[in-house]
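Residues per chain, in single letters:
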Amino acid sequence: MKRNSSGKRLSSSASSIVLTEEYQVHTLPNGIRIAHKQVPYTQIAHCGIMLDIGSRDELPHQQGLVHFWEHMAFKGTGKRSSYHIINRLENVGGELNAYTTKEKICFHASVLDVHFDKALELLADITFNSVFPEKQLERERNVILEEMSMYIDSPEDAIQDDFDQLVFPEHALGNNILGTAETVNSFGREELIGFIDQNIDTEHIVVSSVSRLPFAKVVRIAEKYLRDIPSRRSNRLRVPPQIYTPSVQQRERPITQAQCAMGHPSYALSDAQRLPFFMLVNLLGGPGMNSRFNLSLREKYGFVYAIEANYTPYLDTGFLGFFFGTEARQLAKSISLIKKELKKVREVSLSTTQLHQTKVQLMGQLAMSEESNMNFMLMMAKSLLDTDKVDSLPEIFAEIEGITARQLQDIAQEMFNEDDFSYLTFLPE
């Protein structure tokens, strides 16, 4: 995953190629990049097409349109019906899927590598040649409305979506990716086509691949299906959120357990504090059972079944959130325990042993995450779109090793000021 020392792609006339120890990149004349990591020990090929278009790029009346596009891409192309799209890879034991985030949409597949050509051809077809049949529009509209109802009926999911609105009010980052019932009911074929035309930019599309296939073969197959895609540029401008004001809200719901979300904006993707902050959030509420929040709220007091700390960096801002569910009578005590842990990291510097353990744990988690070829394929595409590079594990580990206790405490004092937090609670009716 190493790049040349400048971190920039090496150019040569109409295309550019980057050779690294871990992955390789080839750029087509239209600007689409093909990124591949060759692994010798698997028969499975994972591939995806990721576009730098997400729900934050929607106008107010378009809320949910990117997610609608994700669904409708599977419903018909110029040469395939939805039935043929579904069965194209399923018939050979493969998987076809997609997802939408605030800043990305991705179509991806996993197949035996002998079917890689078939998988990439299908991904290119649904990404660039979908026709959005009118009959399928109405059917899929109902499916999405049912999906929205499912999330509303799940308070631990609903509170995360609602909390975005508190942290990013009056901004597209605060909108639900699924949209609203009103907007979803308003979408037609013209809206989908117009939105894609306005936002698609071939220089912000990455085709990502991980398999045992050689790079030259992957490029040859990708060129066959993607080199004739017309070069397109978008003049879209992403506007950062405005000044943040903390907010506290309580809402009654027909639930048996109280749900709580607390957090605020944080560091953006390009911020030098991103990795140390991620390490600090991981220490407090990461996936390890020995996280400070888990040891306190669950193991010591039994107030929660699970507690999550989430840091999500975006292009021009970031999101910090803590989420948990508990009995209503234990809600105030749980928040007090979280504040206690935040105060501790603000006021007490990590010891040499604690700092070392925190670093080792994070490095192990990152290494295990990268061991998943599918995860790496998706991460590689996102990283190239966001930062134009993919850092290697040794590079990331070296940066982690350089983090100091003083640096973490300074970040804690900046990011864990209690007056900066917004709170959203769902209380039983």
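Given the structure is predicted, the values throughout are model-derived calculations rather than measurements. (Residues numbered from 1 in each chain as written. Predicted model: local features only at pLDDT ≥ 70, side-chain atom pairs only at ≥ 80, totals over all residues. Heavy atoms only, no water.)

### So, the confidence of the model for the chain
Here the chain averages 93 in pLDDT, while 95% of its residues score no lower than 70. Contacts for the low-pLDDT stretch residues 1-20, under 50 throughout, to residues beyond four places or in other chains number 49 contacts. (pLDDT = per-residue confidence, 0-100. Contact = heavy atoms within 4.5 Å.)

### Here's the deal with the nonpolar core
The tendency in soluble globular proteins is for nonpolar side chains to be buried as a group. Counting residues in each nonpolar core, the largest one holds 50 residues, and the members touching the most others are Leu-51, Trp-69, Leu-96, Phe-107, Leu-123 and Ile-126. For this core, the leading source of residues is helix H3 (residues 116-128), giving eight residues. (Core = buried A, V, L, I, M, F, W, Y, C linked by side-chain atoms within 4.5 Å. Buried < 20%, exposed > 50% of the residue type's maximum accessible area, 1.4 Å probe, protein only. Helix = DSSP H or I, 4+ residues; strand = E, 2+ residues; numbered from the N terminus.)

### What to know about helix H7 (residues 189-199)
Of all the residues in H7, the buried ones are Leu-192, Phe-195, Ile-196 and Asn-199. Within H7, the buried residues cover an arc of 95° as seen down the axis, which keeps them to one side. Residues of H7 that are exposed and point over 90 degrees away from its buried face: Glu-190 and Gln-198. Of the surrounding secondary structure, the elements contacted by the buried residues of H7 are helix H1 (65-72) and helix H4 (134-152). (Arc of directions from axis to C-beta.)

### What about the pattern of salt bridges?
Considering all chains together, one arrives at 31 salt bridges under this definition. The residue Arg-80 makes a salt bridge to Glu-121 at a minimum N-O spacing of 2.7 Å. Note that Arg-80 is positioned in the loop between H1 and helix H2 (82-90) and Glu-121 in helix H3, a separation of 41 residues in sequence. Judged by relative accessible area, Glu-121 falls into the buried class, the value being 8%. In this structure, Lys-104 and Asp-386 form a salt bridge, with 2.7 Å as the shortest nitrogen-oxygen distance. Placement of Lys-104 in the loop between strand E6 (95-100) and strand E7 (105-112) and of Asp-386 in helix H13 (residues 373-387) is noted, with a sequence separation of 282 residues between them. Taking relative accessible area as the criterion, Lys-104 reaches 3% and is therefore assigned buried. Salt bridges linked by common partners bring Asp-52, Asp-57, Lys-104, Arg-236, Arg-238, Lys-382 and Asp-386 together as one network. (Salt bridge = Lys/Arg side-chain N within 4 Å of Asp/Glu carboxyl O.)

### Some remarks on the packing of H1 against H7
Where H1 meets H7, the axes come as close as 10 Å, and the angle between the chain directions of the two elements is 105°. Between H1 and H7, the angle falls in the class roughly perpendicular. Contacts from Leu-65, Val-66, Phe-68, Trp-69 and Met-72 of H1 reach H7 at Glu-191, Leu-192, Phe-195 and Ile-196. Here the residues of the contact of H1 with H7 are counted per class, giving eight nonpolar, no polar and one charged. (Axes fitted to C-alpha atoms, helices over the stretch in contact; angles between N-to-C directions. Parallel < 35°, antiparallel > 145°, perpendicular 65-115°, else oblique. Nonpolar A, V, L, I, M, F, W, Y, C, P; charged D, E, K, R; others polar.)

### Focus on the environment of Asp-316
As for its position among the elements, Asp-316 is in the loop between strand E11 (307-313) and strand E12 (318-326). By relative accessible area, Asp-316 is classed as partly exposed at 24%. Separated by 50 residues in the primary sequence, Asp-316 and Ser-266 place their C-alpha atoms 9.8 Å from one another. Filtering out sequence-adjacent residues up to four positions away, Asp-316 remains in contact with Arg-56, Arg-238, Val-239, Pro-240, Pro-241 and Ala-268. A polar contact is formed between the side chain of Asp-316 and the side chain of Arg-56, at a distance of 3.0 Å. (Polar contact = N/O pair within 3.5 Å; in protein donor to acceptor, adjacent residues only side chain to side chain.)

### Observations regarding the sheet that holds strand E13 (residues 422-428)
Read from one edge to the other, the open sheet built from five strands follows the order E9-E13-E10-E12-E11, with strand pairing classed as mixed. Where the open sheet ends on each side, the last strands, each with one partner, are strand E9 (248-253) and E11. Geometrically, the sheet is characterised by an average inter-axis angle of 15° between neighbouring strands, direction not taken into account. In terms of strand pairing, E9 meets E13 through six bridges, oriented parallel. Within E13, the residue paired with Arg-251 across the bridge is Phe-426. The strands touched by helix H9 (residues 274-285) are strand E10 (258-266), E11 and E12; relative to E11, the strand with the most contacts, the crossing angle is about 170°. (Pairing = 2+ DSSP bridges.)

### Side note on the packing of H9 against helix H10 (residues 292-300)
Running from amino to carboxyl end, H9 crosses H10 at an angle of 20°, the nearest separation of the two axes being 3 Å. The angle between H9 and H10 places the two elements in the roughly parallel class. From H9, Leu-283, Leu-284 and Gly-285 reach across to H10, where they touch Arg-292, Phe-293 and Asn-294. Across the contact of H9 with H10, the residue classes break down as three nonpolar, two polar and one charged.

### Things to note about the packing of aromatic side chains
A complete count under the given rule lists 14 aromatic pairs for this structure. Arranged with centres 4.8 Å apart and planes meeting at 75°, the rings of Phe-277 and Tyr-311 form a pair that is edge-to-face. Taken together, the residues Phe-277 in helix H9 and Tyr-311 in strand E11 connect sequence positions 34 residues apart. On the basis of relative accessibility, which here comes to 0%, the residue Phe-277 falls in the buried class. (Phe/Tyr/Trp six-rings, centres within 6.5 Å; stacked < 30°, edge-to-face > 60°.)

### Points about H10
Taken together, the buried positions of H10 are occupied by Arg-292, Phe-293, Asn-294, Ser-296 and Leu-297. Packing partners of the buried residues in H10 comprise H9, E11, E12, helix H11 (331-347) and helix H12 (352-371).

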